[in-house]
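One letter stands for each residue in the lines below.
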Amino acid sequence: MEIIYTDVLCIGAGLAGERVAIEAASAGFETICLSIVPPRRSHSAAAQGGMQASLGNSVMGEGDNSDVHFEDTVKGSDWGADQEVARIFADTAPIVMRELAHWGVPWNRVEAGKDFYFKGGKKFEKEEKKEKHGLITARAFGGTAKWRTCYTADGTGHAVLYTVDNKATEMGVKMHDRTQAEILIHDGVNCYGAVARCLKTGKLRAYIAKATLIATGGYGRIYKATTNAVICDGGGQAICLDTGIIPMGNPEAVQFHPTGTVPTDILVTEGCRGDGGTLLDVNEYRFMPDYEPDKQELASRDVVSRRMTQHMNKGLGVKSPYGDHLWLDIRHLGEKHITTKLREVYDICTQFLGVNPITGLIPVRPTQHYSMGGIRTDKDGAVYGLKGLFAAGEAACWDMHGFNRLGGNSLAETVVAGKVIGEKVVEFLKGTEVKFSTSSIDDAVSKIQERIKNLENGKNGNENALDIRNAMQEIMMQDVGIFRNEKDLKDGVDKLLVLADRAKRIKLHSSVKGCNPEMTLALRVPGMLKLALCTAYGALMRTESRGAHTREDYPERNDRDWLNRTLAYCEEGKDLPVLKYEDPTPVYELPPGHRGYGEDLTIPADMSKLNIIKKPSN
């Protein structure tokens, strides 16, 4: 078996992984990125709308600053965010956006003079200042006090990923694509890299590294209806849970995006609503102002998704062979705007839905989109449980999103966290002498070889990996969706436990050596079930509603009892995850309060017990 040594191993080559790799390579460290797909096909490329940063160049963003961005982020998280991390993020984002411009990202720019914009379907006039002409502009996104989402039409992820990938190539970062990490190499204290499997040949390779990063994105594929690509199966999170000592943070915090298209579940950007698009029901009536008269379609994503679902539950959805949906209307934005600033939306609608959004309505409904939960790290990106292991991006619970993230904050997080955590990786490498444990390497290799052998021989049973995965996805949609309750969650947990037992008896039904998608899935399914159980069980035990976690039987946000973060461990020999809890943030720069949506049902915390930073008076 081939053994490869490097200073830094980045598992994942999307924006977060490549940005950390660039930081390490810039400091002179040898760096390798592993990727299931060629790096430019990473799921980061699918992000459309933009990246939040308080540049304040647009006239609609005047007065914006990192304090306003910080407050929007904390309120959006429903006070579940680590406020130290949210502050680091808000302060660093403007620096990183300008850095990306320097690297070549073709941001949309301010055009001086009068122009029009739409809000709630109505046309308004604005005038951009001459002195701001040519600077990075911004668009509106949900849950923000100012326009601050920097964008490149509606292909922001694509443009930024190509630019960052070029920079990584320039810095000499090595890319090993079509490679899947299967198990971490560790001794219970230190992480030494990972054993990976070549998806072309099926052969194993051991990557030995002084520092290892997990940046594999989200795990939306534990749900049936998701905007996530097929590669977003939680592989990085699963190999961490497999250690038994690394926790998932807030796994119950799952975001549904309001505008997944029907029936494809392909996302159309929040930029549609940010640019003035509206949501209509079966009668083509605009309903959001009835629920949220202030923010309307630009309330936070969790709020809009709940309101859409409530409206469809009243019988006001559009019937279709694929279930009820609502309409997204962007016709009034005009052909020029749609074919320039929303050109990917135009292509998606015409090519996948058979709808021309210039003249027709877009069928949409809330669809699983983002995992606020992830591998728990501290503010430096260091993973709980193993020294030398870091995580960044959607794979991590860093934790600036808490229980709901704002649109545009996650794409920005990939590069902001990539820069911040990359610097911490460099500090670790400069300040730590790493001695590799050969017994740990042998142990990891033996474990994954045994798993593969058992799948090939089927000595434990005859279960089909695809059947088990499909059943899991149905359970998650039915029992762990937008609205949750004790009965459904208990049923979901019980059914997932049955599937987890069946997964111990998976057998390959193909005999292909080398490139074998069935083997790839069979190795992934047990880990996906662990993630599903962490999500469902964490949701069952959290008896409150906070952000995207909505309990019908516990509608209050309970700061008295639940102002905390879930830590879910998958310990060996235990069927259910072990749940522990920690304070969501060491300091409260912004004390808990009302988010501003609907009725305030908060059960307040004892403020005297919170570490609240008192700002100096002017």
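Residues numbered from 1 in each chain as written. Predicted model: local features only at pLDDT ≥ 70, side-chain atom pairs only at ≥ 80, totals over all residues. Heavy atoms only, no water.

Caption draft 1: Fine view of the overall build of the protein. For the protein, the helix and strand inventory stands at 16 helices and 22 strands. Counting only C-alpha atoms and orienting by the principal axes, one finds that the protein spans roughly 65 × 55 × 55 Å. Looking at the 618 residues of the protein, the share that counts as buried comes to 61%. Here the analysis covers contacts within the protein between residues at least 6 apart in sequence; of these, 73% occur between residues at least 24 apart. Here the protein holds 77 positive side-chain charges and 82 negative ones, and the gap between their average locations is 2 Å. (Helix = DSSP H or I, 4+ residues; strand = E, 2+ residues; numbered from the N terminus. Buried < 20%, exposed > 50% of the residue type's maximum accessible area, 1.4 Å probe, protein only. Contact = heavy atoms within 4.5 Å. Lys, Arg positive; Asp, Glu negative; His and termini not counted. Charge placed at Lys NZ, Arg CZ, Asp CG, Glu CD.)

Caption draft 2: Broad picture of the packing of aromatic side chains. Scanning all chains against the criterion turns up eight aromatic pairs. With centroids separated by 5.8 Å and ring planes inclined at 85 degrees, the aromatic side chains of Y223 and F256 adopt a geometry described as edge-to-face. Highlighted residues: Y223 in the loop between β10 (204-214) and α5 (235-241) and F256 in strand β12 (residues 254-261), separated in sequence by 33 residues. Plain terms: the ring middles of F287 and Y291 are 6.3 Å apart, the flat faces sit at 85 degrees to each other, and that makes the pair edge-to-face. (Phe/Tyr/Trp six-rings, centres within 6.5 Å; stacked < 30°, edge-to-face > 60°.)

Caption draft 3: Main features of the sheet that holds strand β18 (residues 396-397). What the five strands build is an open sheet, ordered β18-β16-β11-β21-β22; its pairing is mixed. Each edge of the sheet is formed by a strand with only one pairing partner; in this case those strands are β18 and β22 (578-582). Summarising the sheet, strand β16 (residues 374-376) and β18 pair through two bridges and their orientation is parallel. Note on β18: the bridge partner recorded for I375 is A396. Relative to β22, helix α15 (residues 517-541) is tilted by about 60 degrees, and along the sheet it contacts β11 (248-249), β21 (565-569) and β22. (Pairing = 2+ DSSP bridges. Axes fitted to C-alpha atoms, helices over the stretch in contact; angles between N-to-C directions.)

Caption draft 4: Broad picture of helix α4 (residues 156-170). Relative to the 21 Å expected for 15 residues at 1.5 Å per residue, α4 spans 21 Å between its end C-alpha atoms, a close match to the ideal helical length. Structurally, α4 contributes buried residues whose contacts are with α1 (15-26), β3 (51-52), α3 (83-103), β6 (149-150), β7 (174-177) and α11 (409-431). Of the residues flanking the end of α4, it is G172, one or two places downstream, whose phi is positive at about 85 degrees. (Expected span 1.5 Å × (residues − 1).)

Caption draft 5: Molecular detail of the pattern of salt bridges. Counting across every chain of the model gives 52 salt bridges. It is possible to trace a salt-bridge network through shared partners that takes in D78, E252, D302, R306, R542, E544, R546, R557, D559 and R595. (Salt bridge = Lys/Arg side-chain N within 4 Å of Asp/Glu carboxyl O.)

Caption draft 6: Structural view of the packing of helix α12 (residues 438-457) against α15. Packing of α12 against α15 brings their axes to within 11 Å, and their N-to-C directions diverge by 120 degrees. Between α12 and α15, the interaxial angle falls into the category oblique. Our pair here, α12 against α15, has a crossing hand that is right-handed. Residues I448, R451, I452, L455 and E456 of α12 form the contact with α15, whose participating residues are M519, A522 and L523. (Parallel < 35°, antiparallel > 145°, perpendicular 65-115°, else oblique. Left-handed = near helix turned anticlockwise from the far one by under 90°.)

Caption draft 7: Local environment of the environment of K132. Among the secondary structure elements, K132 is positioned in the loop between β5 (122-128) and β6. According to the relative accessible area criterion, K132 is partly exposed, its value standing at 25%. C-alpha separation for the pair K132 and P38, spaced 94 residues apart in sequence, amounts to 38 Å. Excluding its chain neighbours within four sequence positions, the residues that come into contact with K132 are G56, N57 and V110.

Caption draft 8: Up close: the sheet that holds strand β15 (residues 362-371). Read from one edge to the other, the open sheet built from four strands follows the order β12-β15-β14-β13, with strand pairing classed as antiparallel. Looking at which strands have only one partner, the edges of the open sheet turn out to be β12 and β13 (278-280). Pairwise comparison of adjacent strand axes, ignoring direction, gives a mean angle of 45 degrees for this sheet. In this structure, β12 lies alongside β15, joined through six bridges in antiparallel fashion.

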